[in-house]
Amino acid sequence: MYLAKRGGEGHAVFTPVTQPRIAHLTLESALYEALRGGQFTLVFQPQVRVVDRGLIGAEVLVRWTHPDLGVISPAEFIPLAEATGLIDGIGAFVLRAALSEALTWPAPLRLSVNVSPVQLRHPQFTGRLAALLAETGFDPARLTLEVTETAFINDLSAVTGAVRALRALGVRVTVDDFGTGYSTLMTLRDLLAHELKIDRAFVRELCAPGRKGSQNRAIVQATLGLAQALGLQVVAEGVETQAQADLLAELGCPVMQGYLIAPGLDAETFRQQFLNART
Ligand code: C2E
Ligand code: MG
Ligand code: MG
Ligand code: MG
């Protein structure tokens, strides 16, 4: 529905008023249906050592298959899920389903799970996670939670509090998409994370010719130096070519993930291609 109002020049202008809200409502109920109706599934993207491609573990990524619209990217629905509070239910599903899958993997393979700052802020988040770990018997040291860098800056004290509680549980924490958010070195200092993930934006341009490439190599190199000085692990994300992997090896980046190795795979394919193949 559109409301007419007087424009500055005296003619009517039309502003959409209720339309976006209706669309929002529809999507919100679709998300709710999705959670109830089992439309969320998980894929697992392998993380490997850069030097020999030895398997370290996998990052779990949620997928929403809508009955009419097909597969919808988390980049599209996670923000809405955060705004509506449905993220708690979706996140709980992801954690439970991913942990039960990863329980079948041999130690010391690790599972990395993305969590929204909205989830982290929930007063019962760590308590529920502790209960889930106890119930499943999954080793907390093999679980990493990925939190995006923007999350830290928006709500640093709440997130830092949650990270402390997670550390006490023995769970690892990684700063996702490092270098693209607004976090400062102070955030890194105070956060007590275990790891940082170099964003795809830097990896993508690693082999670009000229100034662009050399700038991105300098950024990756500096990030690796900083991480080493602070005692943080590093994962490079979005590695698509062997040339990028070679450069990462040269720069001393220990772990990578990306289409070069594999995209997110359903649990069965991940097991067949990456677990059965292990010697
Ligand atoms: P992210 O955690 O930084 O995940 C990396 C994204 O890059 C994933 O997109 C992955 O499929 C994609 N990717 C991986 N390797 C490559 C590559 O080599 N090239 C390119 N071009 N892309 C690559 P996806 O699955 O669409 O997820 C997007 C974002 O949604 C994630 O970014 C994460 O922030 C969020 N997300 C995904 N699953 C969950 C979840 O279960 N919970 C929450 N809270 N957020 C999630
Ligand atoms: Mg991630
Ligand atoms: Mg990332
Ligand atoms: Mg990213």
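Now for a description of the structure that goes with this document. (Residues numbered from 1 in each chain as written. Chains lettered and ligands numbered in written order. Predicted model: local features only at pLDDT ≥ 70, side-chain atom pairs only at ≥ 80, totals over all residues. Heavy atoms only, no water.)

**Thoughts on the environment of Arg36**
To keep it simple, the criterion reads: Elements are defined by DSSP. Helices are runs of H or I of four residues or more, strands are runs of E of two residues or more, and each kind is numbered from the N terminus. The buried label applies to any residue whose accessible area, calculated with a 1.4 Å probe on protein chains only, is under 20% of its type's maximum; exposed applies above 50%, and partly exposed to all values in between. Polar contacts, as counted here, are pairs of nitrogen or oxygen atoms within 3.5 Å of one another; within protein the pair requires one atom able to donate a hydrogen and one able to accept it, and residues that are adjacent in sequence qualify only if both atoms are side-chain atoms.
Tracing the sequence through the fold places Arg36 in helix H1 (residues 19–36). By relative accessible area, Arg36 is classed as exposed at 58%. Distance from Arg36 to Pro79, taken between C-alpha atoms, is 19 Å for residues 43 residues apart in sequence. In this structure the side chain of Arg36 is engaged in a polar contact, spanning 2.9 Å, whose partner is the side chain of Glu33.

**Quick word on the coordination of the magnesium ion (ligand 2)**
What counts is decided by this rule: Note that water is not among the atoms used; donors are N, O and S atoms within 2.8 Å of the metal (3.2 Å for Na, K and Ca), so sites may look incomplete.
Within the protein, the magnesium ion (ligand 2) binds to Glu59 (OE), Asn114 (OD1), Glu146 (OE) and Asp176 (OD); these donor distances fall in the range 2.0 to 2.3 Å. Here the magnesium ion (ligand 2) and the magnesium ion (ligand 3) are spaced 3.8 Å apart, linked through Asp176, which binds each one. A residue pair is termed long-range when its members are at least 10 positions apart, and Asn114 in strand S6 (residues 110–114) and Glu146 in strand S7 (residues 143–148) qualify at 32 residues. Glu146 sits in the buried class, given a relative accessible area of 1%.

**Focus: the coordination of the magnesium ion (ligand 3)**
The textbook angles at a metal center are 109.5 degrees for a tetrahedron of four donors and 90 or 180 degrees for an octahedron of six. Here the magnesium ion (ligand 3) is held by Asp176 (OD), Asp177 (OD), Glu237 (OE) and Glu237 (OE), and the distances to it run 2.0 to 2.7 Å. All donors of the magnesium ion (ligand 3) come from a single chain, and their spacing in sequence reads D-D-x59-E.

**A few points about the packing of helix H10 (residues 210–230) against helix H11 (residues 242–251)**
Each packed pair of helices is defined by two parameters, the angle between the axes and the distance between the axes. Which entries qualify depends on this criterion: Here an angle of 0 to 180 degrees is reported between the N-to-C directions of two axes, which are lines fitted to C-alpha atoms, with helices fitted over the stretch in contact. Roughly parallel covers angles under 35 degrees, roughly antiparallel covers those over 145, roughly perpendicular covers 65 to 115, and oblique covers all other angles. If you view the pair so one helix is near and one far, a crossing is left-handed when the near helix is turned anticlockwise from the far one by less than a right angle, and right-handed when it is turned clockwise. Only heavy atoms matter for contacts: two residues are in contact if any of them lie within 4.5 Å across the pair.
Two numbers describe how H10 lies on H11: the axes approach to 10 Å, and their chain directions differ by 40°. The orientation of H10 relative to H11 falls into the category oblique. The hand of the H10/H11 crossing is right-handed. When H10 is examined against H11, the residues Arg217, Val220, Gln221 and Leu224 are found in contact with a partner set consisting of Leu247, Leu248 and Leu251.

**Quick notes on the site of ligand 1**
Worth spelling out the cut-off: Near is defined per residue: the residue qualifies when any heavy atom it owns lies within 4 Å of the molecule or strand. Note that accessible areas follow from Shrake-Rupley with a 1.4 Å probe, and for residues the cover is restricted to the protein chains shown.
With respect to spatial proximity, 23 residues lie near ligand 1, and among them Arg63, Asn114, Asp176, Glu240 and Tyr259 are the closest. Here Asp176 contributes a side-chain N or O atom positioned 2.9 Å from an oxygen atom of ligand 1. Here ligand 1 loses 84% of its free accessible area of 800 Å² to cover by the protein chains. Contributions of two or more residues to the shell around ligand 1 are made by strand S4 (55–66), helix H2 (74–84) and strand S8 (172–178).

**Quick word on the packing of aromatic side chains**
Note the following rule: Side-chain rings of Phe, Tyr and Trp, where Trp is taken by its six-membered ring, are said to pair if the distance between their centres is within 6.5 Å; with planes under 30 degrees apart they count as stacked, over 60 as edge-to-face, and otherwise as tilted.
All chains considered together, the criterion is met by 7 aromatic pairs. Here Phe44 and Trp105 contribute two aromatic rings whose centre-to-centre distance is 5.6 Å and whose plane-to-plane angle is 80°, an arrangement assigned as edge-to-face. Of the two residues, Phe44 sits in strand S3 (residues 40–49) while Trp105 sits in the loop between helix H3 (87–102) and S6, which places them 61 residues apart along the sequence. Of the two residues, Phe44 and Trp105, neither departs from the other in class, the shared state being buried. With 5.4 Å between their ring centres and 90° between their planes, Trp64 and Phe77 make a pair best called edge-to-face. Here the residue Trp64 occupies a position in strand S4, and Phe77 occupies one in helix H2, the gap between them amounting to 13 residues. Judged by relative accessible area, Phe77 falls into the buried class, the value being 1%. Taken together through their ring pairs, the aromatic side chains of Phe44, Trp105, Phe270 and Phe274 make up a single cluster.

Everything listed here is a matter of coordinates, which is why it stays silent on function.
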